[in-house]
Amino acid sequence: MRYRTMGTRRVSALCLGTLPFGTVVDEATAFALLDRFTERGGTFVDTANCYCFWQPGSDGGDSERLLGRWLASRGNRDGVVLASKVGALPGGPGEWPANREGLSRPVVGAAVRRSLERLGTDRLDLLYGHVDDPATPLEETVAAFAEAVADGLAEQIGMSNQRVERFTRSRDLARRAGLPQYAALQQRHSYLTPAPDADFDYQVSLDGPADTAAVGPEVTVLAYGALLNGAYTDPAKPLPAEYDHAGSPRALAELRAVARETGATANQVVYAWMLGGSPAVLPLVGVSRLGQLDEALDAVDLDLTADQLARLDAARTTVAVHP
Ligand SMILES: NC(=O)c1ccc[n+]([C@@H]2O[C@H](COP(=O)([O-])OP(=O)(O)OC[C@H]3O[C@@H](n4cnc5c(N)ncnc54)[C@H](OP(=O)(O)O)[C@@H]3O)[C@@H](O)[C@H]2O)c1
């Protein structure tokens, strides 16, 4: 494992996502994955207060409750950098995501306390806002997150699915008010670029170097959707429509060429490209089997050459608009 600095913390370069744990992925498998991740040096674990409310019988707290049981049974709370998110849980009548609870001050304060109860801990190491909330003033959300830090409920704070312009404005507001600033930004991001007209609804895609440069070196950028749900290597999984455009074949050809040169899988090259970029992007690892996790963990040791990184960068920038 390799490690990076995120604000005040040292974190593993890969962050284990636990979205399906306790619903789609059963407890024994999830515990085995968490054990393998930590045995191989992983420390950074990601959940949310809404995983996976859309699965039958779930209230959205299953992943956090499972993590709470795992932390209690292994007694290793201090060995884990624990991140969770609030704001995307359905909060009332209507359709999701429009009815999400949002990021107002009362919601954040109550939601983080419920997360801590489920996780069986007294603090999060990283508290994220899950999805931007345009109905709440940025000042209120910034103050709510600062309150969570002041109350000792969260050590650091971050945001997910917020456009970079609003993210940097929030950081600026916090800085000027002498409040804690977001230390992490979690967005959709993969090697393939989405078509310029792609619509991800509430999800925000990281557009590339321009966005990562704009957030500044003091912010750790994390990517979900890195493996496009397995589409790079699993023939049974077609490319998501947003990534299936005229620019993708050239990018995929370069990805596969680098995979052949290095003896790595295309998935591993995606992770190594993220970690080797400047600035680096830390991948969220989504896995349901030990073999997938080992493949991800092995990718941490894959150092791409400057030439390979440059070729990969060049090939992905040829994005064509849908006809
Ligand atoms: N902030 C947000 O809004 C947000 C949104 C989504 C996810 N996340 C976070 O990101 C984490 C990762 O989720 P993701 O779904 O976005 O990840 P992803 O990388 O796009 O896809 C993960 C899926 O890819 C497949 N896969 C993984 N390794 C593979 C391999 N070596 N070979 C073939 N297929 C492989 C698995 O599918 P199968 O299980 O079908 O085999 C796995 O479930 C989540 O757990 C969550 O913590 C955050």
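This text goes with the structure placed above it.
Residues numbered from 1 in each chain as written. Predicted model: local features only at pLDDT ≥ 70, side-chain atom pairs only at ≥ 80, totals over all residues.

A.B. asks: Describe the pairing of strand β1 (residues 3–6), with residues and values.
C.D. replies: In the sheet, β1 pairs with strand β2 (residues 9–12) via 4 bridges, with the strands oriented antiparallel. From the neighbouring strand, Tyr 3 faces β2, where its bridge partner is Ser 12. (Pairing = 2+ DSSP bridges. Helix = DSSP H or I, 4+ residues; strand = E, 2+ residues; numbered from the N terminus.)

A.B. asks: Give a detailed account of the nonpolar core, specifying residues and quantitative values.
C.D. replies: Ranked by internal contacts, the top residues of the largest apolar core, which has 90 residues, are Cys 15, Val 108, Val 112, Leu 127 and Val 270. At 7 residues, the largest contribution of residues to this core is made by helix α8 (residues 266–276). Among residues more than four places away in sequence, those in contact with Val 112 are Val 86, Leu 124, Leu 127, Ala 148, Leu 153 and Ala 154. Within the second largest apolar cluster, 7 residues are counted, among which are Tyr 51, Cys 52, Ala 88 and Leu 89. (Core = buried A, V, L, I, M, F, W, Y, C linked by C-beta atoms within 7 Å. Buried ≥ 20, exposed ≤ 12 C-beta atoms within 10 Å, placed from the backbone. Contact = placed C-beta atoms within 7 Å.)

A.B. asks: I'd like a rundown of the packing of helix α7 (residues 248–262) against helix α10 (residues 306–316), residues and numbers included.
C.D. replies: Their axes nearest at 8 Å, the elements α7 and α10 cross at an angle of 165 degrees. The orientation of α7 relative to α10 falls into the category roughly antiparallel. Of the two possible hands of crossing, α7 and α10 adopt the one that is left-handed. Across from Arg 250, Ala 251, Glu 254, Leu 255 and Val 258 in α7, the residues of α10 making contact are Gln 308, Arg 311, Leu 312, Ala 315 and Arg 316. Its residues assigned to classes, the contact of α7 with α10 shows 5 nonpolar, 1 polar and 4 charged. (Axes fitted to C-alpha atoms, helices over the stretch in contact; angles between N-to-C directions. Parallel < 35°, antiparallel > 145°, perpendicular 65-115°, else oblique. Left-handed = near helix turned anticlockwise from the far one by under 90°. Nonpolar A, V, L, I, M, F, W, Y, C, P; charged D, E, K, R; others polar.)

A.B. asks: Now, about the pairing of strand β9 (residues 220–224): what can you tell me, with residues and values included?
C.D. replies: The element β9 is largely enclosed, with a buried count of 5 among its 5 residues. The alternating pattern of β9 places Thr 220, Leu 222 and Tyr 224 and Val 221 and Ala 223 on opposite faces, both of which are buried. Between strand β8 (residues 184–188) and its parallel partner β9, the chain crosses via helix α6 (residues 209–215), and the hand of that crossover is right-handed. Pairing of β9 with strand β10 (residues 282–285) involves 2 bridges; the strand directions are parallel. For Leu 222, the partnering residue across the bridge sits in β10 and is Leu 282. (Right-handed = clockwise from strand over helix to strand, strands pointing away.)

A.B. asks: Go over helix α3 (residues 105–119) with me, naming the residues and quoting the values.
C.D. replies: In an α-helix there are 3.6 residues to a turn, and that puts residues three or four apart on one side. For α3, which comprises 15 residues, the first-to-last C-alpha distance of 21 Å matches the rise-based estimate of 21 Å (1.5 Å per residue) to within 8%. Among the residues making up α3, those that are buried are Val 107, Val 108, Ala 111, Val 112, Ser 115, Leu 116, Arg 118 and Leu 119. Projected onto a plane normal to the axis of α3, the buried residues spread over an arc of 160 degrees and lie on a single side. Those residues of α3 that are exposed and angled more than 90 degrees off the buried face are Pro 106 and Ala 110. Packing partners of the buried residues in α3 comprise α2 (62–74), β5 (81–86), β6 (124–129), α4 (138–150) and β7 (154–160). (Expected span 1.5 Å × (residues − 1). Arc of directions from axis to C-beta.)

A.B. asks: Run through the environment of Asp 59, naming residues and quoting values.
C.D. replies: Within the element layout of this structure, Asp 59 appears in the loop between β4 (44–46) and α2. Taking the number of C-beta atoms within 10 Å as the measure of exposure, Asp 59 has 12 and is therefore exposed. The spatial distance from the C-alpha of Asp 59 to the C-alpha of Pro 90 is 9.5 Å, given a sequence separation of 31 residues.

A.B. asks: Tell me about the packing of α8 against helix α9 (residues 290–299), residues and numbers included.
C.D. replies: Running from N to C, α8 and α9 cross one another at 40 degrees; their axes reach a closest spacing of 8 Å. As far as their axial angle goes, α9 and α8 are oblique. The interaxial crossing formed by α8 with α9 has right-handed handedness. Residue-level contacts link Asn 267, Gln 268, Tyr 271 and Ala 272 of α8 to Glu 295, Ala 296, Asp 298 and Ala 299 of α9. Here the contact of α8 with α9 is composed, by residue class, of 4 nonpolar, 2 polar and 2 charged.

A.B. asks: So what's going on with the site of the ligand? Residues and values would help.
C.D. replies: Close to the ligand lie 24 residues, the nearest being Gly 17, Leu 19, Leu 227, Gly 230 and Gly 286. Taken together, the residues that form the shell around the ligand break down as 7 nonpolar, 14 polar and 3 charged. (Near = placed C-beta within 6 Å.)

A.B. asks: Describe the sheet that holds β5, listing the residues and the values that go with them.
C.D. replies: In space, the 8 strands of this closed barrel follow the order β3-β4-β5-β6-β7-β8-β9-β10, with parallel pairing throughout. Adjacent strand axes in the sheet meet at a mean angle of 30 degrees when their direction is disregarded. The pairing of β6 with β7 spans 5 bridges and is parallel. Each bridged residue has a counterpart across the sheet, and for Leu 127 the counterpart in β7 is Ile 157.

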